[in-house]
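For reference, the chains in residue letters:
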Amino acid sequence: MWDYSEKVIDHYRNPRNVGKIDNADAIGQAGSLACGDSLKIYLKIENNIVTDAKFQTFGCGSAVASSSILTEMIIGKTVDEVRKITNKDIADQLGGLPPEKMHCSVMGYEALEDALKNYGEMQDYLDLDELREPEKTEKIVCNCFGVTENMIWDAIKQNGLKTVEEITNYTKAGGACGKCRNIIQDIIDTYYHKEKKEEEKVSTLSPAQKILKINSIIENQISPELRKDGGDITLIDIDGNKVIVKLRGKCSGCKNSNLTLKAFVETTLKEAVDPHIEVIEVE
Amino acid sequence: MEKKLIYLDNNATTKVDDKVLEAMLPYFSSEYANPSSIYSFAKNSNHAVKEARGKIKDFLNAANEKEIIFTSCGSESANTAIRGVLNMNKNKRHIITTKVEHPCVLNLYQTLEKEGYSVDYIGVNANGELDLAQLEEAINYDTALVSVMYANNETGVIFPIEKISEIVKSKNKETKLFVDAVQVTGKIPIDVQAANIDLLGISGHKFHAPKGVGALYVNSKTMITPLIIGGHQERGKRAGTENVPYIVGMGKAAEIATDFLKYEATEVKRLRDKLEASILKNVFNARLNTGIANRVPNTTNIGFEYIEGELILLHLSDLGICASSGSACTSGSLEPSHVLRAMNVPFTAIHGSIRLSLSKYTTEDEVDYVASVFPGIIEKLCNISPYQDELDALRKLRA
């Protein structure tokens, strides 16, 4: 027996906004009959506000509850507000879902996303941020449940998923024959590697780019600050991560110069360029 | 809201018979001796285990009490039988089983495959009946074991064990036949001698004994190694102090079940058929998943097209009705039942398949009540379904 929250039970017992809107402004669909759950969502949008929403769901208790609460969450909201809703928001609104049932909230998110995409097309409106890398859009990772790389990517991003099992709970991918589990692991690795890369982007600068960047930071950020105190700094040389500088003016010979060097110059360069930078002063 | 419990999930487990409980109680309190002990205080518990063994022997029509080993459950019986036979026939590396076995057996075969055995999984037809030609073809000189269930737990479809045994023995006399009889015990008569069965496993809680006790029949011509190694209990075939109260309970349950076999075949079957016929008549998108297959008298498996099984179960549960489903969502496995998939139940109905399993305790009032609420629940769920056009087409077709 699933440990469903009171809210989930209430929503599958008495689903809100069941049905179809005949002249809907946007219709979204997710899942399939063969996969065991599917959802259709209908939106009425006036002046950029969702004035009505209805759903039809084939699925278990948590799938119906996710669809039902989603319609409640979006009625009265602007399209931009609705765009920001994630599967996590749906699950949170329901007071949580069992881990194995998180894919129900993902299905709600996907149907909503599909509806908005199709609304965007109807309005001849394209949000550039919404555009996918084309090769990613079509690539199906899990053939059993028709899960694309994009869907897995979104689930990782919205829920901070880290294991293949979590991906299966949220998207169903890998839950049947299991042949795609290695690919899912690769996607997880790529995702976190990419995030890390963004953090470490600077450290992958070419040596020439690095010299230019350090020089520019010293000239434009550090030097003006020191000049305020009547001192200055000159870049002498860069050797790997060692940045050799000369302090001038009031800074030179100041007993706080070491503090200036470590606490200000080195910290600034570490944050902006590379955490491994060491600043060395020459006379 | 009606909250009286209506239990229609007797293939999952059953209520312990009051008489069974009564028979067990003294062995928890006054008669607590270890049956292996030498003093006279142990005489009663020792005698009780013997008596229970005799009752199980009679229940299965075994030739000798020595052919009965008490275990802790159906899974242990199956594991003991399968591992035991394979260990005694190390030179044979081929096993045959079915695609629709209980997971306790299927998962063991998958493990054995990893250990180097080759396993053939025999399929079933659309009604869930075993493909005997495929079975016959699969048996070869290297086949150590053929392992089939007596009846399937989800569909209730009975496999023709006597015929299977004939096929096995005519193709390879050395091949052993293990029958998982957990789902027929107490529902149809079992005769291990008439059917020429080498090993057969049962589980107490499926026929009104408690959970935690089972038995394995191993005929005198079949050698096995023990799964649990230790003391000399069960003639060295299963170590561990005998679970006296539970063994007594299962013996009593076997005795009662024998008396109820006729009731199962007539009254339980009548109620099952009544419930089934009513649902099939009054619910337009219902289909009997087993067609005309021969089944145990208490089970029906019905698929409801374009709606999902867990949702049906949740709504039944709100009315106090207990049933089960082959739907993916119920188990959390994401895939629908391996049994219904092996039968190629259409994908429109496989996720909406419900098993109702009755017992001697099921009353006519209960059956009538369940039959009366089904159409309403299904109608409500059809209204939520995104497949309105398909449902309308079906409605017209059945009208």
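Given the structure is predicted, the values throughout are model-derived calculations rather than measurements. (Residues numbered from 1 in each chain as written. Chains lettered and ligands numbered in written order. Predicted model: local features only at pLDDT ≥ 70, side-chain atom pairs only at ≥ 80, totals over all residues. Heavy atoms only, no water.)

## Here's the deal with unusual backbone geometry
Part 1 of the reasoning: The residue A:N47 is not glycine, and still its phi comes out positive at about 50°.
Part 2 of the reasoning: Position of A:N47 among the secondary structure elements: in the loop between strand 2 (37–46) and strand 3 (49–58).
Part 3 of the reasoning: The exposure class assigned to A:N47 is exposed, which follows from its relative accessible area of 75%.
Part 4 of the reasoning: Residues other than glycine seldom take positive phi values, yet B:N196 does so here, at roughly 55°.
Part 5 of the reasoning: Relative to the helices and strands, B:N196 is located in the loop between strand 6 (176–180) and strand 7 (199–203). (Helix = DSSP H or I, 4+ residues; strand = E, 2+ residues; numbered from the N terminus. Buried < 20%, exposed > 50% of the residue type's maximum accessible area, 1.4 Å probe, protein only.)

## Details of the side chain of A:D154
All names here are of chain A.
Part 1 of the reasoning: Following the sequence through the fold, D154 ends up in helix 7 (residues 149–159).
Part 2 of the reasoning: On the accessibility criterion, D154 (9% relative accessible area) is buried.
Part 3 of the reasoning: A distance of 3.5 Å separates the side chain of D154 from the side chain of Y109, its partner in a polar contact. (Polar contact = N/O pair within 3.5 Å; in protein donor to acceptor, adjacent residues only side chain to side chain.)

## A word on the pairing of strand 3 (residues 94–98) of chain B
All names here are of chain B.
Part 1 of the reasoning: Within strand 3, five of the five residues are buried, which leaves it mostly tucked inside the rest of the structure.
Part 2 of the reasoning: Here strand 3 shows no split at all, with H94, I96 and T98 on one side and I95 and T97 on the other all buried.
Part 3 of the reasoning: By the bridge criterion, five bridges tie strand 3 to strand 4 (residues 118–122) in an arrangement that is parallel. Bridge pairing in strand 4 places H94 opposite S118.
Part 4 of the reasoning: Regarding the hand of the β-α-β motif, the stretch spanning strand 3, helix 4 (residues 103–114) and strand 4 is right-handed.
Part 5 of the reasoning: Two strands pair when backbone bridges link them, and strand 3 and strand 5 (residues 143–149) are joined in this way by three bridges, in the parallel orientation. For H94, the partnering residue across the bridge sits in strand 5 and is T143. (Pairing = 2+ DSSP bridges. Right-handed = clockwise from strand over helix to strand, strands pointing away.)

## Things to note about the environment of A:E100
All names here are of chain A.
Part 1 of the reasoning: With respect to the element layout, E100 can be found in the loop between helix 4 (87–93) and helix 5 (102–122).
Part 2 of the reasoning: A relative accessible area of 32% means that E100 is categorised as partly exposed.
Part 3 of the reasoning: When the C-alpha atoms of E100 and L205 are compared, they prove to be 43 Å apart, with 105 residues separating the residues in sequence.
Part 4 of the reasoning: Not counting residues up to four positions away in its chain, the partners in contact with E100 are W2 and N169. (Contact = heavy atoms within 4.5 Å.)

## A short note on the confidence of the model for chain A
Part 1 of the reasoning: Counting all residues, the mean pLDDT for chain A is 84, and 88% of those residues have values of 70 or more.
Part 2 of the reasoning: Under a pLDDT of 50 for its full length, residues 128–136 of chain A has, in the predicted model, nine contacts with residues more than four places off or in other chains. (pLDDT = per-residue confidence, 0-100.)

## Some details on the interface of chain A and chain B
Part 1 of the reasoning: Contacts between the two partners involve 30 residues from chain A and, on the opposite side, 25 residues from chain B.
Part 2 of the reasoning: With both chains or domains summed, chain A and chain B bury close to 2300 Å², and 64% of this area falls on carbon and sulfur atoms.
Part 3 of the reasoning: Looking at the side of chain A facing chain B, the largest losses of area belong to A:R13, A:L33 and A:F58, adding up to 26% of the total buried there.
Part 4 of the reasoning: When the shortest N-O distance is used, the salt bridge between A:R13 and B:D318 registers 2.7 Å.
Part 5 of the reasoning: There are 12 residue pairs in polar contact (both at pLDDT 80 or more) connecting chain A and chain B.
Part 6 of the reasoning: Elements supplying a minimum of two residues to the side of chain A that touches chain B: helix 1 (6–13), strand 2, strand 3 and helix 2 (61–74) of chain A.
Part 7 of the reasoning: Tallying contributions element by element places strand 3 of chain A first for the side of chain A that touches chain B, with four residues. (Buried area = accessible area lost by both parts, 1.4 Å probe. Salt bridge = Lys/Arg side-chain N within 4 Å of Asp/Glu carboxyl O.)

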